[in-house]
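# Analysis of the macromolecular model
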Amino acid sequence: MHAPVPFRQATRSRRLAVSFSLSLAIALALAPTASAQVAVEGIAASAQTLPPGTSQSLHTSSGLVTFDGVAVTRTAPGQPPQTLLTTSGVVFGSFLLETGPNHVLFGLTGIVSGGANDAIWLLPTQGPVATQPLAMVPYNYDATMLTPTTVLLSARTGGFGATNNELWVLDLPTGTTQLVASIPGASGPVTIAPNGDVFYATGFAGWPPLPGTATVLRFSRAVFDQAVLTNTVLGQAHTQVVVSGLDAVSDFVFDNDGDLLFVDWFNNRIGEINDADGPQPWVGAPLVDYATAAVSPTSLQAVVGASAAGVFEPFQPANGRVLVHETNYVTTQLLRELTPARATLSATGGSPVPAGPFDFVTSGGPALGLGVVALQFGSIPGVLTISVPGFEQPLFLEATLASNPVLLTVLFDANGASTLSLANPGIAPAVLLSAQVVFVSTSGVLGSTAATTALLGP
C-alpha cells in the first residue's frame, strides 16, 4: 500500500485545469478490455419461494397473484390467500396481467383439445369472483395493456399447425375482440415500448424450433392505431425489424431505460436489446446467464420505480426492478427480484477526523475496475445527471464536485473494493471535505457512488 497523501499536497499537485468530464474520459480510457461474465455486476438479486406448482406469478398493486394449474390466488401482505378463480381440471396458464388497481386478466389454455374452451378471464381482486370468462380466444399466449380499456393479445388461433400467429385487441368493458395483425411464425410475446410502439417477437412455426429464427418486430403506434380504427389487418410488411437472428424470445419486457429484456429459453438466459425503442438497437451481454443454474427463467415483469433518478442499469441508484419467474419444472418455483446496486463510499477516522491518516473506502464496485475519486472542500446540495459519450449508463455527479475537483485514480480489487489513503495535516477550524467515486467496469459499465464527507479537524 502506498503511503497516505497529504491532502494539501494533493491539492497543489493534482488540481487539473481541464473539466471534470474530460479528465474522467482520459482516466476511463485506460480501463482494461471487457471480459466475459456469468452474471452482471452491479445488479442485486433476491429470491422468494413460490407455492408448489406455481406456473404464473404477477406482482400487483394489491399483492402477489399466482396460478398453480388449478387456482388463481392473490396474496396481499399480512392477509390470507384469496382465491380469484378455480378452473375445471388442470390447465395451462398463458399469462397474468394487471389491468387496473382492482382487476387481473388471466389467460388459460388446455381445457379440451383444439382450443375450443381456451379462455380469457377478467378477475376482480375485490368483491364477488368472476363466474364466466370475458372472451374465448383459442391458443392465447401473451397480453399487454394497449390503452386503459383495451388489451393486446398474442394468439395462434389456428392451432399448432397454423403458419401465422395473430394480434387481437380485446375490449375490457365488452369482451369483444378485433384482429389487427397476422404474422408468419409461432406464438410470440407482445409489449408496448415507452414511446407507444408495439413490439412483437416471432419464432419458428414448427418443431423442433430452429436456432437463429427468432425476430423482434416493431409496429409504429401511428400505423397500429390506424389499423384498429379502420379495421385493417396488418402483416409483416407493416413492421420494422428491430433484431433478427435470435435463438428464442419466449417473453420480454421493457425496463425504464428503453432496453428490452427477453427470455432466451434456447440458451437458458435473460438477454438484453439495448435502446430497443431507439434508432440503433443492439444486442448486449445477457443480464443473467442460467447455464449452470438449477432453474430456468420463464417470464419477466418490470416494476417501474417512482423516482426520476436512476434507471435499470448496473451500479445505478435503485429505482425500479425486474421480476423473474424461475423454475426447474418439477419442484422448485422462485420469484427473483433484480435491482440496481450502487457502490457505496465511506470515510474512516471518525468525525472530526484528527490529524493523521484516514481513508475513503469504496465497496460494491466493479471487480478489477478503474475509478476516479473527486475531492472538493465544502458541500453544495443537488445532483447533476450527465451523459458520457461511449457509455449507456448516465452519470450522477454531486453538484459539489462538478467544478474543477481534485481527481485521484484508484484501482478496485477482485471483490469490487478500493481504498484511497490520505493524510490530514491538522486543520483548525475543521473543514468539510466532500468525495465521490466514478468508475468503469472491465465490461465498460459506468457507475458512481453517492458523495460522502469527512470533517477534517486539528
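Structure: see above.
The following paragraphs examine the structure supplied in this document. (Residues numbered from 1 in each chain as written. Predicted model: local features only at pLDDT ≥ 70, side-chain atom pairs only at ≥ 80, totals over all residues. Heavy atoms only, no water.)

### Quick word on the pattern of salt bridges
Stated precisely, the cut-off is as follows: What counts as a salt bridge is simple: a side-chain nitrogen of Lys or Arg found within 4 Å of a carboxyl oxygen of Asp or Glu. In this text, helices come from DSSP runs of H or I with a minimum length of four residues, and strands from runs of E with a minimum of two, each type numbered from the N-terminal end. Burial classes follow relative accessibility: with a 1.4 Å probe on protein chains only, a residue under 20% of its type's maximum area counts as buried, one over 50% as exposed, and anything between as partly exposed.
Scanning the entire structure with this criterion turns up 4 salt bridges. We note a salt bridge from Asp 225 to Arg 221, for which the minimum N-O separation is 2.9 Å. In this pair, Asp 225 and Arg 221 both sit in helix 3 (residues 221-230), 4 residues apart, roughly one turn of the helix. The class of Arg 221 is buried, set by a relative accessible area of 18%. A salt bridge links Asp 264 to Arg 269, with the shortest nitrogen-to-oxygen separation between them at 3.4 Å. Judged by its relative accessible area of 28%, Arg 269 falls in the partly exposed class.

### Digging into helix 3
The line we're drawing: This arc is taken over the directions from the axis of the helix to the C-beta atoms.
Within the sequence span of helix 3, burial applies to Arg 221, Phe 224 and Ala 227. Seen end-on, helix 3 carries its buried residues on one side only, within an arc spanning 130°. What points out from helix 3, more than 90 degrees from its buried face, is the exposed set Ala 222 and Leu 229. Looking one or two residues past helix 3, Asn 231 carries a phi angle of roughly 55°, positive in sign.

### Description of the side chain of Glu 398
In plain terms, the rule: Counted as positive: Lys and Arg. Counted as negative: Asp and Glu, with His and the chain ends omitted from the count.
Of note, Glu 398 is situated in strand 31 (residues 395-398). The buried charged residue Glu 398 lacks any salt bridge partner; its closest oppositely charged side chain belongs to Arg 342, at an N-O distance of 5.1 Å.

### Let's talk about the sheet that holds strand 16 (residues 198-202)
Stated precisely, the cut-off is as follows: For two strands to be treated as a pair, DSSP must find at least two bridges joining them. Axes here mean lines fitted to C-alpha atoms, for a helix over just the part in contact, with angles spanning 0 to 180 degrees between N-to-C directions.
Pairing is antiparallel in the open sheet, where 4 strands are placed in the order 15-16-17-18. At either margin of the open sheet sits one strand with a lone partner, and together these are strand 15 (190-192) and strand 18 (240-246). Taken over all neighbouring pairs, the strand axes of this sheet differ in orientation by 15° on average, direction set aside. Alignment of strand 17 (residues 214-219) against strand 18, held across 4 bridges, turns out to be antiparallel. Within the sheet, the bridge partner assigned to Leu 217 lies in strand 18 and is Val 241.

### Section: empty space enclosed by the protein
Unfilled space is identified by rolling a water-sized probe across the atoms. Convention followed: Buriedness for pockets is judged along seven lines, at least five of which must meet protein on both sides within 12 Å for an open set on the 1 Å grid over protein atoms alone, while cavities are sets there where a 1.4 Å probe fits but cannot get out, and lining residues have an atom within 4 Å of a point. Grid points are joined across faces, edges and corners, and a volume is the space filled by probe spheres set on the points. Under the scheme applied, nonpolar residues are Ala, Val, Leu, Ile, Met, Phe, Trp, Tyr, Cys and Pro; charged residues are Asp, Glu, Lys and Arg; polar residues are all the others, including Gly.
Considering all chains together, one arrives at 1 cavity of 30 Å³ or more under this definition. Volume-wise, the largest cavity comes out at about 40 Å³. Taken together, Phe 254, Asp 255, Asn 256, Ala 302, Val 303, Val 304, Phe 312, Gly 320, Arg 321 and Val 322 form the lining of the largest cavity. Elements with a contribution of two residues or more to the lining of the largest cavity: strand 24 (296-303) and strand 25 (321-327). The residue makeup of the lining of the largest cavity, split by class, is 6 nonpolar, 2 polar and 2 charged.

### Quick word on the sheet that holds strand 11 (residues 140-147)
Keep this limit in mind: Whether two residues touch is decided by their heavy atoms; if any such pair falls within 4.5 Å, the residues are in contact.
Strand order in the open sheet formed by 4 strands is 11-12-13-14, and the pairing between neighbours is antiparallel. Every other strand in the sheet has two partners, leaving strand 11 and strand 14 (177-184) as the edge strands with one partner each. The average undirected angle you get between the axes of adjacent strands in this sheet is 20°. Those strands touched by helix 3 are strand 11, strand 12 (150-155), strand 13 (164-171) and strand 14, and its axis lies near 130° from that of strand 14.

### Here we look at the nonpolar core
Filter applied, for reference: Residues belong to a common nonpolar core when they are buried Ala, Val, Leu, Ile, Met, Phe, Trp, Tyr or Cys residues joined through side-chain atoms within 4.5 Å.
Counting residues in each nonpolar core, the largest one holds 22 residues, and the members touching the most others are Phe 358, Phe 360, Leu 375, Leu 420, Leu 422 and Leu 456. For this core, the elements supplying multiple residues, two or more each, are strand 28 (356-363), strand 29 (370-377), strand 32 (406-411), strand 33 (418-424), strand 34 (431-440) and strand 36 (452-456). Take this core: its biggest share by element is 4 residues, from strand 34. Discounting chain neighbours no more than four positions away, the residues touching Leu 456 are Val 353, Phe 358, Phe 377, Asn 424, Ile 427, Ala 430, Val 431 and Leu 433. Counting 16 residues, the second-largest nonpolar core is a separate cluster that includes Leu 146, Leu 152, Val 169 and Ile 192.

### Digging into unusual backbone geometry
For the bond from Trp 207 to Pro 208, the omega torsion is 0°, close enough to zero to count as cis. If you trace the backbone, Pro 208 turns up in the loop between strand 16 and strand 17. Here the amide bond leading from Ala 428 into Pro 429 is cis, since omega sits at -5°, within 30 degrees of zero. In this fold, Pro 429 is placed in the loop between strand 33 and strand 34. In this structure, Asn 231 takes a positive phi of about 55° despite not being glycine.

### So, the pairing of strand 13
Taken across its 8 residues, strand 13 has 7 buried, putting it largely inside the fold. Bridge count between strand 12 and strand 13: 6 bridges; the pairing is antiparallel. Residue Leu 153 lies in a different strand from strand 13, and its bridge partner there is Trp 168. Looking at chain direction, strand 13 and strand 14 are connected through 7 bridges and run antiparallel. When the sheet's bridge partners are listed, Asn 164 is paired in strand 14 with Pro 184.

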